[in-house]
Amino acid sequence: FNLPVNQRGLSQDQPKTGQLPTGGARGANSWGQFGFGGSCPQPGRTHTYQFLLYAVNAPLNLQAGATKAQVLAALEGRILAQSLLTGTYSR
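Cut-offs and rules
Residues numbered from 1 in each chain as written. Predicted model: local features only at pLDDT ≥ 70, side-chain atom pairs only at ≥ 80, totals over all residues. Heavy atoms only, no water. Helix = DSSP H or I, 4+ residues; strand = E, 2+ residues; numbered from the N terminus. Buried < 20%, exposed > 50% of the residue type's maximum accessible area, 1.4 Å probe, protein only. Contact = heavy atoms within 4.5 Å. Core = buried A, V, L, I, M, F, W, Y, C linked by side-chain atoms within 4.5 Å.

Looking only at helices and strands, one finds 1 helix and 2 strands in the chain. In the chain, the order of α-helices and β-strands from amino to carboxyl end is β-α-β. C-alpha extents for the chain along the principal axes are approximately 45 × 25 × 25 Å. Counting only residues that meet the buried cut, the chain has 20% of its 91 residues in that class. Pairs at least 24 residues apart make up 52% of the contacts formed inside the chain by residues separated by at least 6 positions.

Here it is as structure tokens:
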């Protein structure tokens, strides 16, 4: 969250730290850690992942490591636009 407005992407090799080198911060993932763990559905099963991107009217007043619930609460009343990417994975 709090990515600079002129940022157009994130490189694949981002360090798994709270602060991003180009600005912004990471929240905690499902395991309470920093970083994306990637998709790993059980063999033979299909899993759907959804990634939401929000444009907001001001930076969120949160520290790195904020939980999903904290980020969603901080977004209330600040969302200008949003986009959804859905990916379906299997192995």
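This paragraph deals with the nonpolar core. Counting 7 residues, the largest nonpolar core consists of Phe1, Ala25, Leu60, Ala66, Val71, Ala74 and Leu75. Residue contacts for alanine 25: discarding those within four places in its chain leaves Phe1, Gly18, Gln19, Leu20 and Ala64.

Read these as geometric descriptors, not functional statements.
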